[in-house]
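The primary structure of each chain is shown beneath.
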Amino acid sequence: MIPIAFDYVRPGTVDEAISALAAAGEDGKVISGGQSLMPVLRLRMAAPTTLVDIGSIAEMKGITDGGDHLVVGANATHYEVMNDALVKQHAPLLAQAAGTVADPAIRHRGTFGGSLAHADPAGDLPTVALALDATMVAKGPNGTREIAAKDFFVDYFTSALEPEEILVAVKVPKLGDGWSTHYEKFNRTAQAWATVGVAAAVKRQNGTITEARVALTNMGPSPVRASSVEAALAGAAATTDAIAAAAANAADGTRPTSDLHASAEFREHLAKVLTKRAVAQAAGV
Amino acid sequence: MTETLTDANANPVGRPLRRKEDARLLHGQTNWTDNIQLPGTLHMAILRSPMAHARITNLDVTPALKRPHVVAAFTAKDLGDLNGSVPCVWPVTDDIQMPGFPALAVDKVRHVGDCVAVVLATDKYAAADALDAIEVDYEPLPAVIDMEAAIKQGSTAVHDAADGSHGTNVCYEFPLKPQGDGAFDAAVKAAGDDVVVVKRRFINQRVIAGYMEPRAVVASPMGMSNEMTIWSATQIPHVLRVLLALVTGLPENSLRVIAPDVGGGFGGKLQLYREEILAVQIARHLGRPVKWTETRSEDMVASHHGRDQIQDIEIASTKDGQIIGLKVDLIANMGAYLQIITPGIPLLGMFMYPAIYKMPAYEFNCVGVFTNTTPTDAIRGAGRPEATYAIERIMDELAAELDMDPMQLREKNWITHEEFPYTTVAGLTYDTGNYEAATAKAMDLFGYDALRAEQEQRRASGDPVQLGIGISTFTEMCGLAPSRTLGALKYVAGGWEHCTIRALPTGKIELITGTSPHGQGHETAWSQIAASILGVPVDDIEVVHSDTGRAPYGMDTYGSRSLAVGGQAIKKAAERLVEKAKVIAAHQLECSVDDLEFIQGAFRVKGDPAKSQPLAAVAFEAFTAHNLPDGVEPTLQAEATVDPDDFSYPHGTHLCAIEVDTETGKSKIRSYVAVDDVGIQVNPLIVEGQVHGGLACGIGQALYEGVEYDSDGNLLTASFADYLIPSAADLPSFTTDRTVTPSSTNPLGTKGVGEAGAIASPPAIINAIVDALRPMGVTDVKMPATPENVWRAIQAGQGGAQ
Ligand SMILES: Cc1cc2nc3c(=O)[nH]c(=O)nc-3n(C[C@H](O)[C@H](O)[C@H](O)COP(=O)(O)OP(=O)(O)OC[C@H]3O[C@@H](n4cnc5c(N)ncnc54)[C@H](O)[C@@H]3O)c2cc1C
């Protein structure tokens, strides 16, 4: 648990950070809150020779209103996200999920961007980004590009970012009227990662669910949308039975792993139970 | 419930004083072993085996020597005679197999984490980096992991036999048959038709101590004269000194061992570790201070683990619930080597399976087995949590079989308070106890009947969240122990404790104890005991401990012994000091000793309160020695070394209500009531803290913690991300209370408390979960009762019911 020696730079702008990364070559690595990277370094599971600390880049901080969406700076901490008035109003699912991450100390250091870039299958925020159809704004030597959440999470701990790219901000669409949401996290201890998590957003009109989005945490190498649940919910009655029937499909198309916290079989079971609960909670039934 | 002692007249014993040591600890004015920085220090880094069982076919440390800042590197061969072997001081049987345990592995590695080579560098990071340069090749051997497979004929042997032939993995077999071999079967047979027999296999899983401060040691040969000073994050500086002298051949009188601030132990630092041997031997060899502070990853693989028993237990009773016999067969995992008391741990539980119950027949047998896993040894409770778990679990199973309320079954069989002292079927004599009183209080606090009613209602309505009630009416033996008894059990040490008290010329008191606190608050509690006898303010007493240079005699801290045994020595030393002072005071006051009474720290002439002499004045007189009575030596100090008359038998009733989500398998503790009887409480606030910590530890084992290996012997739970320890957020607010039944074998009336919570709570938790799920066909849930284990038990139970 002693990291190998590395060089450390702390640029003040995104462009400087990109140059620093390019200069470092293959063995350069971005560090933001360090809450995922430091453990990896200490266990010597990665050995970058240069760390580019993006923590003081002002243009990556803050949360602003972009009209039909919010712009969340990649450097916004979990603590800022969960307490931000705009997020609470327009993306309460994100505020709620950020509040379930780890413990207060980690939430004060860990960042939204770091969480997404890390692409941990057990991370809560990638799932929320997927459920809300967020768009990642990345900048690299070739300029800025936007990547949809569904294309961003590629594999275990692998995002669509190029090595020299930096995730600068995330555009989170505002949910309109009639939507309500819930994040249901299942973990073994209060501060542990999700064994399975379910992000649900439901649009209700009178007694009917008109549209639903359901995304799952830790049910495969990357967060996944439970599309057969979404299909079954569209137009379904907002009743416990109808929701339970739809949730029974939650494990369709998932590829959960077996680890110390749960077997794949148990995760599949949990996905169904938790989806039922998340959707019911969001739908207010 | 805290208070600060202002009334100088009040007896400080029994008062919930805030701990003296806390201000210093909480303000970071601490001195951990890793804080010690000596000029010229070399940092030691250890190359550890990534294989559970392998032959070392090639090992070359010379490339590491070329790395920057590296001063030396050693293999077992390089160290030669300096490569000491960890001794086992508890050879439980005459024919026990005691293989060598070299500090650096010789030829073979036997568990993941075994030490293979060391690098010494002037910089800690450089030492760690240089490990990569060591060239090492292994030829893998089959890993012996499963205990039952290990004891089968033809299994790969972890150790060759002493003569070099194919060895057996059986370390020892230890039977205890107080009523003779076959007593259990005979009792069952004699009962004819009126008998119910319940047999279960319980697994008491392997756990890790998980203290906050990892292990650390600094060995410095730069002391005065020939002294080697060793700072270690240990629970046992005194025992360590003796053992290090024996292992290294260094004269004991040249070793000084200091345990500075130590951040928790839980039994995990009741050890002589191979890393300590290496630090001392290399410091001696190179003539420079050597320092080693482990990483958490090292601690997980190389500090000793605990528990890990397969328990086959059988209980028989009449149909109306009178117990007629108990039979216990254990297989206990030693791990790859014997640490200092590894073989004795399961035997500390041997006497405790009959617990608080009366029965005519008891049989016990234990087979200790070697595997290619980290060695096991004492962890909080050591043998007794395992025993308590098995008996309290099977009492619930028997109650279910008899269709009897589990508390009624216990009441019917326990020793009643009129029956003490009571000699149990296992041969122990419990001095005092009152199980009825503790249970009545606990039942009252718990609201048993209302919870049972709610349980019925949830069952009737098919609520997905079911409610269960768990009982644990436990006792334990601690305060280890009368030296004579330890000798009879082949333990190579005694169980006495020492105290020296000095009244200094300025009136301050120095209390030198042989106990070695690492979080228990001895400085406060010991001051309270001495203050109550010496009549001085608690804050005028300074407790000196954990340094063999300043506190030369002691047997240290483990097994809930510090107050139970050490407290007696404090009392006796304080009383002796008063006796000596009285002689001087009588001389000063020109009266006879018999005319004096000692009240509130002053000697007074009976009937003439104006004539008095405070202890401080006597101490000053003893210092100047200008006017001492004939034959009285200068200085005012007294010492006492006390060997306890018997073990200490705290007990209590713990009740737990758990809500089990039958859909997810998640258990939530709704309420937990612990009524403990630890005899007289010197400081109820400290007792409260010990109970809370013990409960967290036991609940950790019941719900969260469990070491897992794969079949190749890789430790899967190698970090706190995978080895889950509960935090405050996972635990309920405990309801605790005490009954007070003073011990009659302890002059202070106290009993041990350090392990009680950890011993009592696992069966309370699991009984509650099983109770919640019994209508679903569940009769057992594996510890830790993770959501998946609970879910699988439900699946299996329902499958069985179909
Ligand atoms: C004990 C513990 C418990 C935790 N529990 C949870 C939990 O329950 N749920 C959960 O979701 N997470 C959990 N986490 C992870 C936490 O949320 C991390 O904060 C987050 O995953 C990483 O954010 P960071 O800013 O700390 O990133 P860092 O650790 O600094 O970086 C993580 C990775 O992302 C890359 N990176 C960071 N920022 C950028 C960027 N802007 N552009 C490109 N690459 C970037 C880094 O190069 C690195 O590879 C836990 C962490 C710990 C230590």
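Remember, predicted model here, so these are calculated numbers, not experimental data.

### Here we look at the environment of B:His53
Residues and elements named next belong to chain B. One can find His53 in the loop between strand E1 (42-48) and strand E2 (54-60). The spatial distance from the C-alpha of His53 to the C-alpha of Pro237 is 32 Å, given a sequence separation of 184 residues. Excluding residues within four positions of it along the chain, His53 makes contact with Lys108, Val109, Pro140, Leu141, Pro142, Ala143, Thr156, Ala157, Val158 and Asn372. Here Asn372 takes part through its side chain, which lies 3.4 Å from a polar atom of the side chain of His53.

### Here we look at the interface of chain A and chain B
The parts lose accessible area when they come together, and the size of an interface is often stated as this lost area. Contacts between chain A and chain B engage 25 residues on the former and 29 residues on the latter. Between the two partners, chain A and chain B, sit six salt bridges. Here B:Asp132 and A:Arg44 are joined by a salt bridge, their closest N and O atoms 3.8 Å apart. Inspection of the region where chain A meets chain B yields 15 residue pairs in polar contact (both at pLDDT 80 or more). Per-element accounting of the side of chain A that touches chain B gives the leading share, eight residues, to helix H12 (residues 264-283) of chain A. Looking at the side of chain A that touches chain B residue by residue, the classes come out as 14 nonpolar, six polar and five charged.

### Looking at the sheet that holds strand E20 (residues 509-513) of chain B
Residues and elements named next belong to chain B. Spatial ordering of the open sheet is given by E21-E20-E19-E25, a layout of four strands whose pairing is mixed. Of all strands in the sheet, those bounded by a partner on one side alone are strand E21 (541-544) and strand E25 (636-642). This sheet shows a mean twist of 15° between the axes of neighbouring strands, independent of strand direction. Here strand E19 (residues 497-503) runs beside E25; their pairing, made up of seven bridges, is antiparallel. By the bridge assignment for E25, Arg502 is matched with Gln637.

### A short note on the domain arrangement of chain A
Domain annotation for chain A reports domain 1 (7-53), domain 2 (58-173) and domain 3 (179-283). A separation of 35 Å is found between the C-alpha centroids of domain 1 of chain A and domain 3 of chain A.

### Quick notes on the side chain of B:His159
All names here are of chain B. Tracing the backbone through its elements, the reader meets His159 in the loop between helix H5 (147-150) and strand E7 (170-176). For His159, a relative accessible area of 4% gives the class buried. A distance of 3.3 Å separates polar atoms of two side chains, one belonging to His159 and the other to Arg110. Within the local environment of His159, its side chain forms a polar contact with the backbone oxygen of Ala336, the two atoms lying 2.5 Å apart. Once you skip the residues sitting within four places of it in the chain, His159 turns out to touch Gln97, Pro99, Gly100, Arg110, Gly167, Ala336, Tyr337 and Phe370.

### Some thoughts on the pattern of salt bridges
Working definition: two side chains of opposite charge can pair if their charged atoms are close together. All names here are of chain B. Enumeration according to the criterion identifies 62 salt bridges over all chains in this entry. The salt bridge partner of Asp308 is Arg206, with a shortest N-O separation of 2.7 Å. Of the two residues, Asp308 is situated in strand E13 (residues 305-317) and Arg206 in strand E8 (residues 196-208); the sequence distance between them amounts to 102 residues. Overall, the relative accessible area of 13% leaves Asp308 in the buried class. Salt bridges sharing common partners tie together Arg48, Arg215, Glu275, Glu294, Glu298 and Asp299.

### Quick word on the site of the ligand
Residues and elements named next belong to chain A. In the vicinity of the ligand there are 30 residues, among which Val30, Ser32, Leu37, Thr111 and Asp124 approach most closely. Between the ligand and Val30 there is a distance of 2.5 Å, counted from an oxygen atom to a backbone nitrogen or oxygen. Burial of the ligand by the surrounding chains reaches 91%, relative to a free accessible area of 950 Å². When residues of the shell around the ligand are traced back to their parent elements, those giving at least two are strand E2 (28-31), helix H7 (112-118) and strand E10 (166-173). The leading source of residues in the shell around the ligand is H7, at four residues.

### A few points about the pairing of strand E23 (residues 602-605) of chain B
Residue and element names in this part refer to chain B. Both strand E22 (residues 596-599) and E23 contribute to a ladder of four bridges, which runs antiparallel. Bridged to Ile599 within E23 is Ala602. Counting the residues in the hairpin turn of E22 and E23 gives two residues, including Gln600, whose phi is positive at 50°. Sheet analysis places E23 next to strand E24 (residues 608-614), joined by four bridges and oriented antiparallel. The residue bridging Arg604 from the neighbouring strand is Ser612, located in E24. Where E23 folds back onto E24 in an antiparallel hairpin, the turn is made up of two residues, including Gly607, whose phi is positive at roughly 80°.

### A word on the confidence of the model for chain B
The predicted coordinates of low-pLDDT regions are not to be read in fine detail. Looking at chain B, the pLDDT average stands at 96 and 99% of residues meet or exceed 70. Low pLDDT, under 50, characterises residues 1-6 of chain B; the stretch is placed with 16 contacts to residues that sit more than four places away or in other chains.

### Some points on helix H8 (residues 274-286) of chain B
All names here are of chain B. Given a rise of 1.5 Å per residue, 13 residues ought to cover 18 Å, and the 18 Å separating the end C-alpha atoms of H8 matches this to within 8%. The element H8 is extensively covered by neighbouring structure, given that ten of its 13 residues are classed as buried. Taken from the residues just after H8, Gly287 is the one with a positive phi, measuring 65°.

### Let's talk about the sheet that holds E22(B)
Residue and element names in this part refer to chain B. Across the sheet, which stays open at both edges, the three strands sit in the order E22-E23-E24 with antiparallel pairing between neighbours. The open sheet has two edge strands, E22 and E24, and neither has a second partner. Ignoring which end each strand starts from, the neighbouring axes of this sheet average 35° apart.

### Some details on the environment of B:Ser612
All names here are of chain B. Among the secondary structure elements, Ser612 is positioned in strand E24. Residue classification places Ser612 among the partly exposed residues on the basis of a relative accessible area of 29%. Linking Ser612 and Pro517, residues 95 residues apart in sequence, is a C-alpha distance of 37 Å. Setting aside chain neighbours within four positions, we find Ser612 in contact with Leu589, Phe603 and Arg604.

### Description of the nonpolar core
Core analysis: the biggest nonpolar cluster contains 163 residues, and B:Met44, B:Tyr353, B:Phe364, B:Tyr672, B:Ile765 and B:Ile769 have the highest contact counts within it. Per element, the largest residue contribution to this core is nine residues, and it comes from helix H11 (residues 384-402) of chain B. Not counting chain neighbours up to four residues away, the residues in contact with B:Ile769 comprise B:Ile658, B:Val660, B:Ser667, B:Leu703, B:Val781, B:Ala785 and B:Val790. If you look at the next biggest cluster of nonpolar residues, it comprises 55 residues, including A:Leu21, A:Ala98, A:Phe153 and A:Ala160.

Cut-offs used in this document
Residues numbered from 1 in each chain as written. Chains lettered and ligands numbered in written order. Predicted model: local features only at pLDDT ≥ 70, side-chain atom pairs only at ≥ 80, totals over all residues. Heavy atoms only, no water. Helix = DSSP H or I, 4+ residues; strand = E, 2+ residues; numbered from the N terminus. Contact = heavy atoms within 4.5 Å. Polar contact = N/O pair within 3.5 Å; in protein donor to acceptor, adjacent residues only side chain to side chain. Salt bridge = Lys/Arg side-chain N within 4 Å of Asp/Glu carboxyl O. Nonpolar A, V, L, I, M, F, W, Y, C, P; charged D, E, K, R; others polar. Pairing = 2+ DSSP bridges. Axes fitted to C-alpha atoms, helices over the stretch in contact; angles between N-to-C directions. Domains from an automatic or database assignment. Buried < 20%, exposed > 50% of the residue type's maximum accessible area, 1.4 Å probe, protein only. Near = heavy atom within 4 Å. Areas by Shrake-Rupley, 256 points an atom, 1.4 Å probe, with all protein chains shown as cover. pLDDT = per-residue confidence, 0-100. Expected span 1.5 Å × (residues − 1). Core = buried A, V, L, I, M, F, W, Y, C linked by side-chain atoms within 4.5 Å.

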